[in-house]
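# Survey of secondary and tertiary structure
Chain by chain, the residues:
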Amino acid sequence: MKCENARLDMDSYADGELSAWRRFAVRRHLDACPACAGRVAEARSLQQRIRAEAPRFTAPERLRASVMALSGGPVARAATRPSRDLRWQWIGAGALVGCVLTIVSWVAGTAALDRATETDLASAAVAAHVRAVLADQMIQVASSDQHTVKPWLSSHLDYSPPVQDLADEGFALVGARIETLDGHPVATLVYRYRKHTVDVFVRPDWLRSRMTDPRTIRGFHVLRAEGGGMDWLAVSDASAEAIAPLLRRLSE
Amino acid sequence: MMGQRVSAHGRFEREVMPHLDAAYNLARWLTRDPDDAEDVVQDACLRALRYVESLRGGGGKAWLLTIVRNAFYDWVSRNRPVEIIHDGGEAAEDAVDADAIDPEQAAMRKSDARVLADALASLPLQFREAIVLRELEDMSYRDIARVIDVPVGTVMSRLARGRAMLRRMPSLQPVQEIMATRRQS
């Protein structure tokens, strides 16, 4: 084998990607040719350096839990998933149990309060949002495609709400569901804004003048708008200023 | 309907969850930002969940990483369109100009364990992704070709070019060599 030919195979040889026959031929050449052998050594040393020094990032537990939630799997199973590292498994499980306990006690603690305030539509919307987040039932139809979401909503409602994906403006449509608010089925568009989830409830001739100002209920911001023949109500833990543009665009 | 949903979730957990670290690692190297990487992986997992039924036996890792990469390119065209246009390699070519770097600074940086990671992160996207898949995810040429949707030959040439760029980076050269280059010029 000549150097010219060997050189073509050098990287593949160092990567262990050659067939047994080519590997044999290259090895014989390397035994006889220090220049090419040096080249392979250089390739190997770079490989080793990359593997040793460039970190292989691992998914944060928070991401793992939210992806599990995304898949609709029970949250607790995320904790019992077999993992290579037992210690992290236990830490993950502990963190999840802690989260679940906090949420459960918070929900139980605020349930009494809810009953008193839920007469109000904004509170009902926040409650619906929280319930969906906790029960992990944010999305009945998962799609960023407005042409998938809109027909689905129309087929489940007696009206057809406008649906827009506004990913370009930072509000990515992730899906939709139907909530019952105030005794009516209400189309609920789910958007992702940075790390936040935004629920947008939309229904024609619905809010009237019952609610005008942005409000904050238990840390969730509630905004309303009218337009496009619909009434719009947005609920999110993102700031009111952050979600205002979304509502403005939708109700244009 | 319910049965289908359950089996999709079951498949998702079996086929996708074991490769979540790989997905995050690729997204992290592509976006070079932990938060953005999480966004990309979330998006990719939503897509994966939708199509997991169409995954036919095995190859879950390459399949998921293909989706992560697509999700990244969608994300980058929305959020950093400039990066794709201007990431044809000029940045790295600039970086390999030995005169552009102060040898003393290079010596200091050399002691820093992050030197190689920084060098890899500074490679143009198409070379960076090939090297990350090869060295950090330990994937075969064939699987890489599948993920980045190019022929195996292209994978080989991108790996070769990416590695050559890394080798020429001043921060990865022994200091004496930089000094020598300087004296010559």
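Predicted, not measured: the structure shown is a model, and the values here were computed from it.

Within chain B, the secondary structure is distributed over twelve helices and zero strands. For chain B, the α and β elements follow one another from N to C terminus as α-α-α-α-α-α-α-α-α-α-α-α. Relative to its 185 residues, chain B shows a buried fraction of 39%. When contacts within chain B are restricted to residue pairs at least 6 apart in sequence, those whose partners lie at least 24 apart make up 74%.

Residues and elements named next belong to chain A. Strands sit in the order β1-β2-β3-β4-β7-β6-β5 across an open sheet of seven strands; the sheet is antiparallel. A strand with exactly one partner marks an edge of an open sheet, and here the two such strands are β1 (141-142) and β5 (215-217). Judged from the seven bridges that link them, strand β6 (residues 220-227) and strand β7 (residues 230-236) form a sheet pairing that is antiparallel. Following the sheet pairing, R224 is matched in β7 by L233. The sheet strands contacting helix α9 (residues 240-250) are β2 (171-181), β3 (184-193), β4 (196-203), β6 and β7, and the helix crosses β6 at an angle near 20 degrees.

Here the focus is helix α4 (residues 61-70) of chain A. Burial in α4 of chain A covers these residues: L63, R64, V67, M68 and L70 of chain A. In an axial view of α4 of chain A, the angular spread of the buried residues amounts to 155 degrees, which keeps them on one side of the axis.

All names here are of chain B. Two elements in contact, helix α3 (residues 34-51) and helix α4 (residues 60-79), have axes whose closest approach is 8 Å; the angle formed by their N-to-C orientations is 125 degrees. One finds that α3 runs oblique with respect to α4. Handedness of the crossing formed by α3 with α4: right-handed. On the side of α3, the interface is formed by D39, V40, V41, D43, A44, R47 and A48, while α4 contributes L64, I67, V68, A71, F72 and W75.

Conventions we followed
- Each residue is numbered by its place in its chain's sequence as written, counting from 1.
- Here the convention is simple: chains get letters from A, ligands get numbers from 1, in the order in which they are written.
- Restriction of local features to residues with pLDDT of at least 70 applies here, the model being predicted, together with a cutoff of 80 or more for giving and counting side-chain atom pairs; totals for whole chains, interfaces and linings are based on all residues.
- Each helix corresponds to a stretch of at least 4 residues labelled H or I by DSSP, and each strand to a stretch of at least 2 residues labelled E; elements are numbered beginning at the N terminus.
- Exposure in this text rests on C-beta crowding, where 20 or more other C-beta atoms within 10 Å of a residue's own make it buried, 12 or fewer make it exposed, and counts in between make it partly exposed. The C-beta atoms are placed from the backbone.
- Here, residue contact means that the backbone-derived C-beta atoms of the two residues sit within 7 Å.
- A pair of strands is treated as paired once DSSP finds two or more bridges between them.
- Axis lines are fitted to C-alpha atoms, over the contacting stretch for helices. Their N-to-C directions set the angle, which ranges from 0 to 180 degrees.
- Our arc is simply the arc of the directions from the helix axis toward the C-beta atoms.
- For classification purposes, an angle smaller than 35 degrees is called roughly parallel, one larger than 145 roughly antiparallel, one from 65 to 115 roughly perpendicular, and anything else oblique.
- By definition, any crossing whose near helix is turned counterclockwise from its far helix by less than a right angle is left-handed, and any crossing with a clockwise turn is right-handed.

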